[in-house]
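Structural features, examined
If you want the building blocks of each chain, they are given just below.
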Amino acid sequence: MKQTLSALTLLFIFQVSSLAQQPGNPVNQPDTALAATDPLAQVTVIAKMQATSIEPGKVIFNVAGLPVAYSGSAGDLLKFMPSVNMGGPPGVPRDVRYRGLEKSYTLVLIDGRNTGLTGNNREMILNQIPASAIERIEIMASPGAEYDAEGLNGVINIVLKKNKGLGLKANAQVGLTNQGGYNASVGLQHQTNNLKLYAQADYLLFRWRKNGGMVETRNITNYNSTGAVINTQQQTATEWRQAPNINLRTGGEFRINPYSILGMEYLHGSQKEHRIKPTATTTNKPDGSFSNRTLRHEDRLENLRYHQARVWWQHKLANGNKLDVEINGTYNLDDRPRTQIDYKLNQNGTPLDNKPDIRYITESARDNNLFATANYAHRLTNRQQLQLGYKYSHRQRIASFFTDRFNYNTNQYNRTESGTDNFNYAENIQAFYAKHLYKHQHWRIETGIRMEYTSINTQTPEKTYTATSHYVMFMPGMQATYTIDSTQYLVASVGRRMRRAGFKDLNPFTDMSDPNKYKSGNAQLKPETAWLTELGYLKNFKKGSWGLNLFRRDITHMISKINRDYLLPDGTNILFEKPENLASAYLVGIEWMGGYKLGKWIALQANYSRFWSRVTDKEFNGDAIKDQFDWSAKAIVDVTTPWGTSLQIAGNAIGPKISQQKIEKTMQFVDVAITQRLHKSITAFASVYDLFNSNNQYRTEVTAQQHSYRIQDSPGQIISIGARATF
């Protein structure tokens, strides 16, 4: 298999290189001689609704049109997009749940490329990227063959800010919040006919004040095998959190000749999140009398840094043909030390002794990733185009985990480090794809296929545990767009995509940071695959637009985190969470999006999505997919005046998650922003996040031997003020 792939790679490069000798039109100049004779074949119907643009297969959010998120992060932008729910504690939009599925089902890219900015799984840490660094965000629910097969539920592409036009351009922003957070950014670009140089720096400090952080309460009832109550527990925790985020980007493009451009870019990001969380637990006997009381004080630091460098070459050939070659390397460091102190207390809250259990726990990961791509687009006729591509992906993660526990007899820390606590992961993927585009009269049809050969090796450093896997997957797909007229279209697509288990899913670590729920990975997980089907309609009219999408996902070997009862040696009953492959599942949904001009000064855009899912498995047959949300409803009202003053009100509601093991109540909140144009290039803004302090999370988890009910009450009514400028 490896020899065959290498031969195909060499053949592809040889064929493309021979074609590259033919000169074409200069780069970035239109190829008007090749325009199709039928005008409808060139029409792309696009609906524009304030901050949102919709076109076949893609929804776009422009940052400039969403002042409620100017002082936030990429997650604060995404939470207003159709069918999106953000994961993380309320008010900390850390990762994306799209169309009712959890975070790892969606592939997140920056400027269309893989990045080093990932967490312990494959999900993007979206609260690390300041909104000030972003130009727009694109969502593609049914991406083409040119995109990685990963991302079973679609692709989110974060497009970073770029100044446009010749000469010297600049942008800047400053802002601060009433929680002590602030943000600042500055960008410069200079462009001539043959050279473009740019640099952008963004800083965002997210912060909860120590006297105004998140409050978490949890009530737990534990049962024995006969259903009788063993005990009840009441927990109260307060969490303080702050996270400084830095993004630096610099690069340039040089026009080698009229047909070729050489580009280079360096991107650096960091997030140093500090959390302090004391958790008090009171345990009572079945009759309600006191049993015991504990206090856990946790001081946690999550220190993420990544570096990304890429080089690319674009060449335009004869007849409008194009060749793109790129090498992209990332290096990621993720250190998560924490100090955990457990006290035993009496009923009044006084320590029973002066020897609490003290542990210093360190979890770290080092990622080395390399991506190399070559894409060739060949014009077959005025109506047809063939696109071919190759991509090599290498991901390597070295993870370690150890605990230092204080020994009062020796007054020293003793290290606990077993063979399964350290984990090395290596993944190599070679991918080939072919995509054909056909235009004729009202039709635009894209067909493609992607083949990925994957090799994965996981092992502990002592090689006490080793696992390898190799597999080949073929991912066909097709999208057909029928342009009814210049105001409306129908689009249908079908394709196959996959989801590989994440690093944390495969990692055999046992995470014991939550005293009520231990977590572990599963190195035996298989990748899950799915067939995606989609049908959409869009209509523009004089004062607005509306669109409707129907979709279905048929999933095989679905990876799901399963909670099971677990008895500790001291007799305490807790939950143990571990990912497993279930037989199959399906998800179906409907999305409605619309926008309307309510007179001269008022505009409304809204969207509503509804999802249904079922698991087909001997243990969970008929259950809903875990971590699925049922519905989402969002609306944005913009009021503009002739005096340069604008008001934006954005409402967001996420429907309950209901499964056999987990239930969550509806989450809802409203954000408000006011902007004032001070100059043609300067705008001042003020915003309030969670105006009614309603963005709280209510969760129930149920197993045969434990019922728990948790409330997370995070700070609301966070006020931000600032200004933006472009020159």
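Structural notes, computed from the coordinates.

What counts as what
Counting restarts for each chain, with residues numbered from 1 along the sequence as it is written. Selection of residues for local features in this predicted model requires a pLDDT of at least 70, selection of side-chain atom pairs for listing and counting requires 80 or more, and totals for whole chains, interfaces and linings are taken over all residues. Values reported for side chains reflect all heavy atoms of the structure, with hydrogen atoms and water molecules removed beforehand. In this text, helices come from DSSP runs of H or I with a minimum length of four residues, and strands from runs of E with a minimum of two, each type numbered from the N-terminal end. Between buried and exposed lies partly exposed: a residue is buried under 20% and exposed over 50% of the maximum accessible area for its type, with that area taken using a 1.4 Å probe on protein chains only. Pairs of residues are marked as contacts when any of their non-hydrogen atoms sit within 4.5 Å. To measure how exposed things are, a 1.4 Å probe is used in the Shrake-Rupley method; for residues, cover is taken only from the protein chains shown. Patches in this entry comprise residues that are over 30% relatively accessible and not in a salt bridge; like charges within 9 Å are linked, as are nonpolar side chains (Val, Leu, Ile, Met, Phe, Trp, Tyr) within 5 Å. Salt bridge, as used here, is a side-chain nitrogen of Lys or Arg placed within 4 Å of a carboxyl oxygen of Asp or Glu. The way it works is a 1 Å grid over only the protein atoms, where trapped points that fit a 1.4 Å probe form a cavity and open points with protein on both sides within 12 Å along at least five of seven lines form a pocket, and then any residue with an atom within 4 Å of a point lines it. Grid points are joined across faces, edges and corners, and a volume is the space filled by probe spheres set on the points. Three classes are used: nonpolar for Ala, Val, Leu, Ile, Met, Phe, Trp, Tyr, Cys and Pro, charged for Asp, Glu, Lys and Arg, and polar for all others, with Gly counted as polar. Here, a strand pair is defined by DSSP locating no fewer than two bridges between the strands. The nonpolar core is taken to be a set of buried Ala, Val, Leu, Ile, Met, Phe, Trp, Tyr and Cys residues, with the residues joined through side-chain atoms within 4.5 Å.

In this section: the overall build of the protein. Of regular secondary structure, the protein possesses three helices and 39 strands. When each of the 727 residues of the protein is scored for burial, the buried share is 53%. Residue pairs in contact within the protein that sit at least 24 positions apart in sequence constitute 67% of those at least 6 positions apart. Carbon together with sulfur atoms contributes 57% to the accessible area of the protein, which is approximately 31000 Å² in total.

For the rest of this paragraph, the subject is a nonpolar patch on the surface. Among the surface-exposed residues, Phe541, Trp546, Trp592, Tyr596, Leu598, Trp601, Ile602, Tyr608 and Trp643 lie close enough to one another that they form a single nonpolar patch of about 900 Å² accessible area. Of all the elements in the fold, those that place two or more residues in the nonpolar patch are strand E30 (584–598) and strand E31 (602–616). Among the elements that line the nonpolar patch, the one with the most residues is E30, at three residues. Locating tryptophan 601 in the fold gives a position in the loop between E30 and E31.

If you check the backbone angles, asparagine 319 has positive phi at about 60° while not being a glycine. Residue asparagine 319 is classed as exposed on the basis of its relative accessible area, which comes to 54%. Of note in the backbone geometry, glutamine 441 takes a positive phi value of approximately 50° without being a glycine. Within the fold, glutamine 441 resides in the loop between strand E20 (423–440) and strand E21 (443–459).

This part covers empty space enclosed by the protein. Going through the model one piece at a time under the given rule, you end up with 14 cavities of 30 Å³ or more. The calculated volume of the second largest cavity comes to roughly 410 Å³. Ser71, Gly72, Asp76, Phe206 and Ile718 are, among the 30 residues lining the second largest cavity, the residues nearest its centre. Secondary structure elements with two or more residues in the lining of the second largest cavity: strand E10 (182–191), strand E11 (195–207), strand E36 (682–689) and strand E39 (718–726). Looking at the lining of the second largest cavity element by element, the count peaks at four residues for E11. A class-by-class count of the residues in the lining of the second largest cavity yields 14 nonpolar, 12 polar and four charged.

Here strand E32 (residues 631–640) pairs with strand E33 (residues 645–654) via nine bridges, running antiparallel. Each bridged residue has a counterpart across the sheet, and for threonine 640 the counterpart in E33 is serine 646. Here E32 hands over to E33 after four residues, with glycine 644 in that stretch at a positive phi of 85°. The sheet contact formed by E33 and strand E35 (residues 667–679) spans 10 bridges and is antiparallel. Each bridged residue has a counterpart across the sheet, and for isoleucine 649 the counterpart in E35 is valine 672.

In the sheet, E31 pairs with E32 via nine bridges, with the strands oriented antiparallel. Opposite arginine 610, over in E32, you have tryptophan 631 as the bridge partner.

Side chains of nonpolar character tend, in soluble globular proteins, to be buried together. Leu78, Ile134 and Ile158 are the most contacted members of the largest nonpolar core, which totals 41 residues. When sequence neighbours within four positions are dropped, the list of residues in contact with isoleucine 134 reads Val63, Ala74, Leu77, Ile129, Ile158, Val159, Leu160 and Lys161. Membership of the second largest hydrophobic core comes to 17 residues, among which are Tyr105, Met558, Val615 and Phe629.

A word on the environment of methionine 49. With respect to the helices and strands, methionine 49 occurs in strand E1 (residues 47–49). Under the relative-accessibility criterion, methionine 49 is labelled buried at 5%. For the pair methionine 49 and glycine 595, spaced 546 residues apart in the sequence, the C-alpha separation amounts to 5.3 Å.

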